[in-house]
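# A closer look at the structure
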Amino acid sequence: TAGITQAPTSQILAAGRSMTLRCTQDMRHNAMYWYRQDLGLGLRLIHYSNTAGTTGKGEVPDGYSVSRANTDDFPLTLASAVPSQTSVYFCASSPGTGLYGYTFGSGTRLTVV
Amino acid sequence: DQQVKQNSPSLSVQEGRISILNCDYTNSMFDYFLWYKKYPAEGPTFLISISSIKDKNEDGRFTVFLNKSAKHLSLHIVPSQPGDSAVYFCAATRYNQGGKLIFGQGTELSVKP
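Now for a look at the structure at hand. (Residues numbered from 1 in each chain as written. Chains lettered and ligands numbered in written order. Predicted model: local features only at pLDDT ≥ 70, side-chain atom pairs only at ≥ 80, totals over all residues. Heavy atoms only, no water.)

A separate point is the sheet that holds strand 7 (residues 64-66) of chain A. Residues and elements named next belong to chain A. Spatial ordering of the open sheet is given by 1-3-8-7, a layout of four strands whose pairing is antiparallel. Among the strands making up the open sheet, the edge pair consists of strand 1 (4-7) and strand 7. Ignoring which end each strand starts from, the neighbouring axes of this sheet average 20° apart. As judged from the three bridges shared by strand 7 and strand 8 (residues 76-78), these two strands associate in the antiparallel manner. Its bridge partner lying in strand 8, tyrosine 64 is registered against leucine 78. (Pairing = 2+ DSSP bridges. Helix = DSSP H or I, 4+ residues; strand = E, 2+ residues; numbered from the N terminus. Axes fitted to C-alpha atoms, helices over the stretch in contact; angles between N-to-C directions.)

Laid out in structure tokens, this is it:
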């Protein structure tokens, strides 16, 4: 089934450790996004990429980094995790940067202790 | 600064009745609005959208209304079914923002048999 694959599904991470959340899509979408979902705050954009080789900062980029070496993959890295990064992380993609809806992955539940 | 607001965290409706979910926005430059539906442990899925040149869009049991002067949109579900029980997010974007979606906090709809 075409779509977005996120890994891992869930993770418990010690504070101060690093981690990379993986995201792969097979729809050849140009644009990709990382959001975090927190109760009462909805979905907030962390980083985005309009096309392979480019990235940009969203609403809440601090403590996160991304890369977009090719069209399909858009990993999100936490260099030194803190408890406030406990959240559910969603990767999404869209065909382009026009007025399109997103396709979302199933999410990664991260707990930083 | 929450540009898209869903002020009702939850809504409970009887099966067969109408569900009305509300969303307000502050940025008058938004020109495209979307509703997403999210089940537990899954990613959000696109439900329905509306362009700012329209005031209504209908798709089966789902209708979205847009009141630009009030900066308000609403999603009507008629008739409501138990399978509609989910969290609903509204989102907004501007074409010249590269299609990045700004989401509201979400409203959890419970449809009781």
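Read on for the rest.
What follows concerns unusual backbone geometry. At the junction of Ala7(A) and Pro8(A), the peptide bond is cis and its omega measures out at -5° in the coordinates. For the bond running from Val78(B) to Pro79(B), omega is -10°, close enough to zero to count as cis. Looking at the secondary structure, you find Pro79(B) in the loop between strand 8 (72-77) and strand 9 (86-93). Despite not being glycine, Arg28(A) has its phi angle at roughly 60°, a positive value. Secondary-structure assignment places Arg28(A) in the loop between strand 3 (19-25) and strand 4 (31-38).

Let's shift gears to the nonpolar core. Within the largest apolar cluster, 24 residues are counted, with the highest numbers of intra-cluster contacts made by Val4(B), Phe33(B), Trp35(B), Leu73(B), Leu75(B) and Tyr88(B). Broken down by element, the residue count for this core peaks at four residues, all from strand 9 of chain B. (Core = buried A, V, L, I, M, F, W, Y, C linked by side-chain atoms within 4.5 Å. Buried < 20%, exposed > 50% of the residue type's maximum accessible area, 1.4 Å probe, protein only.)

Let us look at the state of the cysteines. Scanning the entire structure with this criterion turns up two disulfides over all chains. The side chain of Cys23(A) participates in a disulfide bridge whose partner is Cys91(A); the two sulfur atoms lie 1.9 Å from each other. Disulfide Cys23(A) to Cys91(A): torsion about the S-S bond roughly -70°, handedness left-handed. On the criterion of sequence distance, the pair formed by Cys23(A) in strand 3 and Cys91(A) in strand 9 (residues 87-94) is long-range, its members being 68 residues apart. Residue Cys23(A) is classed as buried on the basis of its relative accessible area of 2%. What pairs with Cys23(B) in a disulfide is Cys90(B), and their sulfur atoms sit 1.9 Å apart. One quick way to see it: the torsion about the S-S bond of Cys23(B) and Cys90(B) is about 60°, and its sign makes the bridge right-handed. Taken as a pair, Cys23(B) in strand 3 (residues 19-25) and Cys90(B) in strand 9 lie far apart in primary sequence, 67 residues in all. (Disulfide = S-S within 2.5 Å.)

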